[in-house]
Amino acid sequence: MKRASTLFLQAVIVLIGLVAIAILIRFPLTEGRATNLDLFSIYTDPLILYGYAASIAFFVALYKAFKLLGYIGQNKVFSSNSVAALKSIKHCAIVLGSLIVLAGVYVKINHHKDDDPAGFLAMCIVATFGAIVMATAAAIFEKILQNAVDMKSENDLTI
């Protein structure tokens, strides 16, 4: 049962990654400015390229979560590899949140005077809040898991 649930969660993570890639490919084509542009101009827009660069942190965090579930499936939860995976997830969430804030500030400062950036800024706020929640949860789990790993190593030494 335990192996089946970790495999299910790993499949969910892969599905999240595939949906994110599909959104990254499809969304620039549906943007309002893209109606009069060719494909090269659409995908070389600085904000789109920034979004692709910022998504690297998201995909690294997904990969580390996939690896963490693999450790759980192999009964290697209380290992330094699990702690390192959680630490990487925490750092990726912090980087992603920071990059989202920078994108929001850029759009707020440089938006066209006829445009209303409120929707984009609201999405930035929600996504940043999600990244902060993820970083906080990863930090808490990292600390708990590190304490458990330390206690396990102490118990292994006393026996």
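Details of the structure are given in the entry above.
Keep in mind that what you see is a predicted model, and the values were worked out from it rather than measured.

Q: Break down the overall build of the protein for me, with residues and values.
A: Along the protein, the regular secondary structure elements total five helices and zero strands. Shown N-terminal to C-terminal, the secondary structure of the protein runs as helices and strands in the order α-α-α-α-α. Over its C-alpha atoms the protein spans a radius of gyration of 20 Å, topping by over 25% the 15 Å that the globule rule assigns to 159 residues. Across the 159 residues of the protein, 28% fall into the buried class. Look at the contacts in the protein between residues 6 or more apart in sequence, and 71% of them connect residues 24 or more apart. With an accessible surface of roughly 10600 Å², the protein has 72% of that area assigned to carbon and sulfur atoms. Taken as two groups, the 13 positive and 10 negative side-chain charges of the protein have centres that lie 11 Å from each other.

Q: Tell me about the pattern of salt bridges, and please be specific about residues and values.
A: What the rule picks out here adds up to two salt bridges. The residue Lys 87 makes a salt bridge to Glu 142 at a minimum N-O spacing of 3.9 Å. Taken together, the positions of Lys 87 in helix H4 (residues 80-110) and Glu 142 in helix H5 (residues 118-158) put the pair 55 residues apart, joining distant regions of the chain. Close ionic contact of Glu 142 with Lys 90 constitutes a salt bridge, the shortest N to O distance being 3.3 Å. Separated by 52 residues along the polypeptide, Glu 142 in helix H5 and Lys 90 in helix H4 bring together distant segments of the chain. Here Lys 90 falls in the buried class, since its relative accessible area comes to 18%.

Q: Describe helix H3 (residues 46-73), with residues and values.
A: Between its first and last C-alpha, H3 extends 41 Å over 28 residues, near the 40 Å set by a 1.5 Å rise per residue. Residues of H3 that are buried: Ile 48, Ala 54, Ser 55, Ala 57, Ala 61, Leu 62, Ala 65, Leu 68, Leu 69, Gly 70 and Tyr 71. Those residues of H3 that are buried are in contact with helix H1 (2-30), helix H2 (39-43) and H4. Just beyond H3, the residue with positive phi is Asn 75, at close to 60°.

Q: Can you break down the packing of aromatic side chains residue by residue, with the values?
A: Counted by the stated rule, this structure contains one aromatic pair. Both rings, one in Phe 58 and one in Phe 59, keep their centres 5.4 Å apart while their planes meet at 75°; by these two values the pair is edge-to-face. The exposure class of Phe 58 is partly exposed, given its relative accessible area of 29%. By relative accessible area, Phe 59 is classed as partly exposed at 24%.

Q: Tell me about H5, and name the residues and values.
A: Taking 1.5 Å per residue, 41 residues should reach 60 Å; H5 reaches 60 Å between its end C-alpha atoms and fits that length. For H5, the complete set of buried residues consists of Cys 124, Thr 128, Ala 131, Ala 135, Ala 138, Glu 142, Leu 145 and Val 149. Contact partners of the buried residues in H5: H4.

Conventions adopted
- Residues numbered from 1 in each chain as written.
- Predicted model: local features only at pLDDT ≥ 70, side-chain atom pairs only at ≥ 80, totals over all residues.
- Heavy atoms only, no water.
- Helix = DSSP H or I, 4+ residues; strand = E, 2+ residues; numbered from the N terminus.
- Rg over C-alpha atoms; globule rule 2.2 N^0.38 Å.
- Buried < 20%, exposed > 50% of the residue type's maximum accessible area, 1.4 Å probe, protein only.
- Contact = heavy atoms within 4.5 Å.
- Areas by Shrake-Rupley, 256 points an atom, 1.4 Å probe, with all protein chains shown as cover.
- Lys, Arg positive; Asp, Glu negative; His and termini not counted.
- Charge placed at Lys NZ, Arg CZ, Asp CG, Glu CD.
- Salt bridge = Lys/Arg side-chain N within 4 Å of Asp/Glu carboxyl O.
- Expected span 1.5 Å × (residues − 1).
- Phe/Tyr/Trp six-rings, centres within 6.5 Å; stacked < 30°, edge-to-face > 60°.

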